[in-house]
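# Structure assessment
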Amino acid sequence: MSLKGKRILIAKPGLDGHDVGAKVIALALRDAGAEVIYTGLRKSAEYIAKVAVDEDVDVVGLSMLSGSHMELVNETMRCLKEYDAGDIKIFVGGTIPEKDREALLNAGACGVYTSEMPLEDVLSDIERQLQ
């Protein structure tokens, strides 16, 4: 598996202050060859979209535990479109109830990942999404 040459933004939107999962996926993506930019905690959707555009990323990964994943994904996608960057893909990771997975995919997320999923499967799916 190789994500060499792919630029991936990992972001923590909203008020959630726990970033262990974001750091785990960021390191795994880096180890798979991706260039990873991490925004840090508590970033707004507008900030995330601006960084995504400024850094010319291939995909944005939103890490969330707060339960506001639907709103934050929709807001981030709206902001990307405002920056004329609606073609940048978004994947979501964190504590996502199974009942919300399909809704996130229907809203435009290219992948939804939880901590129960093997990291290798997550990386393989992200690589597939970026082909």
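The name recorded for the protein in an unreviewed UniProt entry is Methylmalonyl-CoA mutase, from Litchfieldella qijiaojingensis. In its Cofactor (unreviewed entry) section, the UniProt entry covering the protein states "adenosylcob(III)alamin".

Take the packing of helix H2 (residues 45–54) against helix H3 (residues 69–82) next. Packing of H2 against H3 leaves a shortest axis separation of 8 Å and a crossing angle of 45°. As summarised for this structure, H2 and H3 are arranged oblique, according to the angle between their axes. For the element pair H2 and H3, the recorded crossing hand is right-handed. Where H2 approaches H3, its residues Ala45, Glu46, Ile48, Ala49 and Ala52 are matched on the opposing element by Glu75, Thr76, Cys79 and Leu80. In the contact of H2 with H3, the residues fall into six nonpolar, one polar and two charged.

Let's shift gears to the side chain of Thr114. On the secondary structure map, Thr114 appears in the loop between strand S5 (111–113) and helix H5 (119–129). Side-chain polar atoms of Thr114 contact the side chain of Glu116, separated by 2.9 Å. Apart from the residues within four sequence positions on either side, Thr114 is in contact with Gly94 and Ile96.

Turning next to unusual backbone geometry. Of note in the backbone geometry, Arg42 takes a positive phi value of approximately 55° without being a glycine. Note on placement: Arg42 falls in the loop between strand S2 (35–38) and H2. Residue Arg42 is classed as partly exposed on the basis of its relative accessible area, which comes to 49%. Look at Asp84: it is not a glycine, yet its phi comes out positive at around 60°. Relative to the elements of secondary structure, Asp84 occurs in the loop between H3 and strand S4 (89–94). Asp84 sits in the exposed class, given a relative accessible area of 72%.

Quick notes on the rules
- Residues numbered from 1 in each chain as written.
- Predicted model: local features only at pLDDT ≥ 70, side-chain atom pairs only at ≥ 80, totals over all residues.
- Heavy atoms only, no water.
- UniProt positions renumbered as here; feature names shortened; annotations may be inferred.
- Axes fitted to C-alpha atoms, helices over the stretch in contact; angles between N-to-C directions.
- Helix = DSSP H or I, 4+ residues; strand = E, 2+ residues; numbered from the N terminus.
- Parallel < 35°, antiparallel > 145°, perpendicular 65-115°, else oblique.
- Left-handed = near helix turned anticlockwise from the far one by under 90°.
- Contact = heavy atoms within 4.5 Å.
- Nonpolar A, V, L, I, M, F, W, Y, C, P; charged D, E, K, R; others polar.
- Polar contact = N/O pair within 3.5 Å; in protein donor to acceptor, adjacent residues only side chain to side chain.
- Buried < 20%, exposed > 50% of the residue type's maximum accessible area, 1.4 Å probe, protein only.

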